[in-house]
Amino acid sequence: MSTYNSHILVCGGTGCVSLESQQLLDNLKAIVEEKGYGKETQVVRTGCFGFCGEGPIVKILPDNTVYVRVKPEDAREVVEEHIVKGRQVDRLLYKGEGDTAQNDRDMEFYKKQYRIALRNCGMIDPEDISEYIGFRGYEALGKALAEMTPEQVCATIKESGLRGRGGGGFPTGLKWDITRKVPGTEKYIICNADEGDPGAFMDRSILEGDPHSVLEAMAIGGYAIGANHGIIYIRAEYPLAIKRLQIAMNQAREFGLLGKDLFGSGFDFDIQIKLGAGAFVCGEETALIHSVEGKRGEPTRKPPFPSESGYREKPTCVNNVETYANIPPILLNGASWFNSIGTATSKGTKVFALAGKVNNVGLVEVPMGTTLREIIFDIGGGIRDGKKFKAVQTGGPSGGVITEADLDTPIDYESLKSIGSMMGSGGMIVMDEDNCMVDISKFYLEFTQDESCGKCTPCRVGTRRMFEILERITNGEGMEDDLHNLEQLARMIKDTALCGLGQTAPNPVLSTMKYFGHEYEAHIRDQHCATGSCKGLAKYFIVAEKCVGCTACARVCPVKCIEGKVKDAHVIDQSKCIKCGACFTACKFSAVIKP
Amino acid sequence: MPIKSLDELKKIREEQQNKVNLRESGNLKDDTVEVMIGLATCGIAAGARETLNAIMDEINQQGLKNVRIVRVGCMGYCHSEPVVQVNAPEMEPVLYGNVSEEKGREIVRKHIMKKELLEDSVLIKSFNKA
């Protein structure tokens, strides 16, 4: 075996692959070979580094240099300068606020992060099982099978305080223990990889960057509850994650880490992948189980809980991807280690997909108890283009908005609930002063009414009616009693819907109405949308005093509704205007005002 | 080859150990020794790559985990290449010149492990007095 003295890690997550990181990887490999460094420098494709906003990411070890926004054509410079001559390529270093950061320790983005679930993402080659084993992979499974009883495994997870990372926050150890205690020889363990929240991509990144950790944890879970069969329910929209899972499963079988008689213990365990069509409701466990069975993806009433009667009416345990990724480190490092991280009620870390109007878009993992302000302003680098922070939406279509006033709340399951939002699966969408809150809640309602499975009336009809009211308000046709009706509908749907989807669907509306009620009122009473997002309300005007008559606006107007002579003030014909905003963007003299 | 016991798993893990050490070297701890090796054209021509490989090999053989290797550009001592600088905690940075493969191994065994200087090869002992 050749001894490598340096590694070039290239991000192979979906975000970076779409920015040609595969081509970059091929170029790097070819040039390293060409320069005769093939035996000294290993080029490795890894999972997501989390710093997606600045991708594709390349990290060079042992120097620990991080390069950002590396294009395929930069490969030659990286190899010739850094690898051959030992000189950093300054122009590819990350330039944050102020100083240029050479490596990840200098980067604010990584400083406050603590990686448990993402421990191997961006570190190992997800398509090589030996790298996973090198980083203590499958040791937790070996330990569980050789040294622990199923009771002890459940007890350890219980003691660790790990709670479901899919959003519900149910204690994982307890779920396992309940399923273990249900009598029966045929049980199932399912991995819920049906990540449906708009803007959330942590599960995909874990499966793409470290698929073996999920396989290992499922085997441990199977041993703990007495299941010999695991199912990964993943949406077909995640082709790269599926491919890497399949490779990982094949390798695990080759190494005898899946299949018959694992570690010589007599325990058999294997996993199959089940593809979903990407329906939001199938993230709900009973709907998910029906979908796996080949039936319609519709939820059923609980109880009976899946732990008693799930897949094929047998005891079934469903856990989320991120939950599984936490299991092996807990068994290796002990429950008290995990226990020491986080807050009183929520232990460990949580991965958030940071998106929206924030500078560092990406995947972050922080200890529970970190404040939203730290995540958005320290890790996220603040709001884009120096704009003002308005709100952050957590929990996706089931959560609510959090305003400036609550930014210093330490994050855990309970605190987020108390300020009217929820942990959810970890999507975090940051909004600035240009976002209209009525428009945002309309967006989420449009999503839920579309994703509603239609089984129960409150959700099927109710969310549709709410969406219609919101649509009316944003079109400038809002009526005085709309607000009252919205709230009543919302409360009714919350109380009567069958499953979590319907019960939480009104949350975005309720929370925006609570914190941004004045925006709703302005839309209805004054026909005014302060941000200009609602096209139905927008009115563009030209201030005669400021207009110099340069004709820039008239030239870009797609419907030719701006009249005026050269060097004379121009006027917009409101009856023809389609509110596209092109004139606003084109004007260099701030003479066009919106809305 | 199916793995049938924890020991068999550990064997595979040990084979991967070098790789793991290199990757984890990014996470500096307080007691980390930093070894900087000049890998500019002058250094490479004088055999810095061989020195680098020898030092890495020695570190692995000795099982050291607290050493981080940084490849740097020309330090200006082209006449004394290969040049190696060692920054050990609680010691002043020391610059060595004409570091052959054997000298490189010696640096690991003496300077890094025993905190003894290799007086014959020192180019600069104290950056403060320069």
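Here the structure is shown first, and the text comes after it.
All of these numbers come straight from a predicted model, not from anything done at the bench. (Residues numbered from 1 in each chain as written. Chains lettered and ligands numbered in written order. Predicted model: local features only at pLDDT ≥ 70, side-chain atom pairs only at ≥ 80, totals over all residues. Heavy atoms only, no water.)

Peer 1: Mind laying out the packing of aromatic side chains, listing which residues take part and the relevant values?
Peer 2: Aromatic ring pairs are reported here in terms of the distance separating the ring centres and the angle at which the planes meet. Going through the model one piece at a time under the given rule, you end up with 13 aromatic pairs over all chains. Taking 6.3 Å as the distance between ring centres and 45° as the angle between the ring planes, the aromatic pair formed by A:Phe51 and A:Tyr110 counts as tilted. Taken together, the residues span a long stretch of sequence, with A:Phe51 in the loop between strand E2 (41-46) and strand E3 (58-61) and A:Tyr110 in helix H4 (residues 108-111) at a distance of 59 residues. For the pair formed by A:Phe51 and A:Tyr110, the shared burial category is buried. Ring centres of A:Phe443 and A:Tyr444 lie 5.1 Å apart, and the angle between their planes is 70°; this geometry places the pair in the edge-to-face category. Residue A:Phe443 is classed as partly exposed on the basis of its relative accessible area, which comes to 43%. A relative accessible area of 3% means that A:Tyr444 is categorised as buried. Among the aromatic residues, those joined into a cluster by ring pairs are A:Phe51, A:Tyr94, A:Phe109 and A:Tyr110. The ring of A:Phe352 is capped by A:Lys350, whose NZ or CZ atom sits 5.8 Å from the centre of that ring. The ring of A:Tyr37 is capped by B:Arg49, whose NZ or CZ atom sits 3.5 Å from the centre of that ring. (Phe/Tyr/Trp six-rings, centres within 6.5 Å; stacked < 30°, edge-to-face > 60°. Helix = DSSP H or I, 4+ residues; strand = E, 2+ residues; numbered from the N terminus. Buried < 20%, exposed > 50% of the residue type's maximum accessible area, 1.4 Å probe, protein only. Lys NZ or Arg CZ within 6 Å of the ring centre and 35° of its normal.)

Peer 1: Let's hear about the interface of chain B and chain A: which residues, and what values?
Peer 2: Each partner contributes to the interface: chain B provides 35 residues, whereas chain A provides 47 residues. Buried area between chain B and chain A, summed over both chains or domains, comes out near 3400 Å², and the portion from carbon and sulfur atoms is 53%. Among the residues chain B hides against chain A, the three largest losses belong to B:Arg23, B:Arg49 and B:Arg71. Together they make up 24% of the total. Where chain B packs against chain A, one counts two salt bridges. A salt bridge links B:Arg13 to A:Glu139, with the shortest nitrogen-to-oxygen separation between them at 2.6 Å. Where chain B touches chain A, the interface holds nine residue pairs in polar contact (both at pLDDT 80 or more). Mapped onto the side of chain B that touches chain A, the elements with two or more residues apiece are helix H1 (6-15), helix H2 (17-24), helix H3 (41-45), helix H4 (48-62) and strand E2 (67-72) of chain B. At six residues, H1(B) tops the list of elements feeding residues into the side of chain B that touches chain A. A per-class count over the side of chain B that touches chain A returns 17 nonpolar, eight polar and 10 charged. (Contact = heavy atoms within 4.5 Å. Buried area = accessible area lost by both parts, 1.4 Å probe. Salt bridge = Lys/Arg side-chain N within 4 Å of Asp/Glu carboxyl O. Polar contact = N/O pair within 3.5 Å; in protein donor to acceptor, adjacent residues only side chain to side chain. Nonpolar A, V, L, I, M, F, W, Y, C, P; charged D, E, K, R; others polar.)

Peer 1: Could you give an account of the pattern of salt bridges, with specific residues and numbers?
Peer 2: Residues and elements named next belong to chain A. Overall, the coordinates contain 50 salt bridges over all chains when judged by the stated rule. Arg244 is paired through a salt bridge with Glu127; the nearest N and O atoms lie 3.0 Å apart. You can see Arg244 sitting in helix H11 (residues 239-254) and its partner Glu127 sitting in the loop between H4 and helix H5 (129-134), a full 117 residues away along the chain. Residue classification places Arg244 among the buried positions, given a relative accessible area of 2%. A salt bridge links Glu322 to Lys350; the nearest nitrogen and oxygen atoms lie 2.6 Å apart. Highlighted residues: Glu322 in helix H13 (residues 321-333) and Lys350 in strand E12 (residues 349-356), separated in sequence by 28 residues. The exposure class assigned to Lys350 is buried, which follows from its relative accessible area of 1%.

Peer 1: So what about the packing of helix H7 (residues 150-160) of chain A against helix H10 (residues 211-225) of chain A? Which residues, and what values?
Peer 2: All names here are of chain A. In the contact formed by H7 and H10, the axes pass within 7 Å of each other and the chain directions differ by 120°. Our classification of the angle between H7 and H10 gives oblique. The chirality of how H7 crosses H10 is left-handed. For the pair formed by H7 and H10, the contact residues are Pro150, Val153 and Cys154 on the first element and Ile220, Tyr223 and Ala224 on the second. Looking at the contact of H7 with H10 residue by residue, the classes come out as six nonpolar, no polar and no charged. (Axes fitted to C-alpha atoms, helices over the stretch in contact; angles between N-to-C directions. Parallel < 35°, antiparallel > 145°, perpendicular 65-115°, else oblique. Left-handed = near helix turned anticlockwise from the far one by under 90°.)

Peer 1: I'd like to hear about the sheet that holds strand E4 (residues 94-96) of chain B, residue by residue, with values.
Peer 2: Residue and element names in this part refer to chain B. Judged by pairing direction, the sheet is mixed, and its five strands sit side by side in the order E2-E1-E3-E4-E5 without closing on themselves. Single-partner strands in this sheet number two, and they are E2 and strand E5 (122-124). The mean angle between the axes of side-by-side strands here comes to 30°, regardless of whether they run parallel or antiparallel. Sitting on the sheet, H4 is in contact with strand E1 (33-38), E2 and strand E3 (84-87), with an inclination near 170° to E2. (Pairing = 2+ DSSP bridges.)

Peer 1: Account for the pairing of strand E9 (residues 259-262) of chain A, naming residues and giving values.
Peer 2: Residues and elements named next belong to chain A. Both E9 and strand E10 (residues 267-276) contribute to a ladder of two bridges, which runs antiparallel. Within E10, the position partnered with Gly259 by the bridge is Phe269. Turn length for the E9-E10 hairpin, with the two strands adjacent in sequence and antiparallel, is four residues, and the turn residue Phe263 shows positive phi of about 55°.

Peer 1: Residues and numbers for the nonpolar core, please.
Peer 2: All names here are of chain A. Formed by 76 residues in total, the largest nonpolar core has its most connected members in Tyr138, Trp176 and Ile234. In terms of residue count, the dominant contributor to this core is H10 (nine residues). Membership of the second largest hydrophobic core comes to 39 residues, among which are Leu445, Leu483, Ile524 and Cys529. (Core = buried A, V, L, I, M, F, W, Y, C linked by side-chain atoms within 4.5 Å.)

Peer 1: Outline the packing of helix H19 (residues 482-496) of chain A against helix H21 (residues 507-515) of chain A, listing residues and values.
Peer 2: Residue and element names in this part refer to chain A. Relative to each other, H19 and H21 sit at 135°, their axes nearing to 10 Å. On the basis of the axis angle, H19 is oblique to H21. The way H19 lies across H21 gives a crossing that is left-handed. On H21, the residues that touch Leu483, Leu486, Glu487, Ala490, Arg491 and Lys494 of H19 are Asn507, Val509, Leu510 and Met513. Residues of the contact of H19 with H21, tallied by class, amount to six nonpolar, one polar and three charged.

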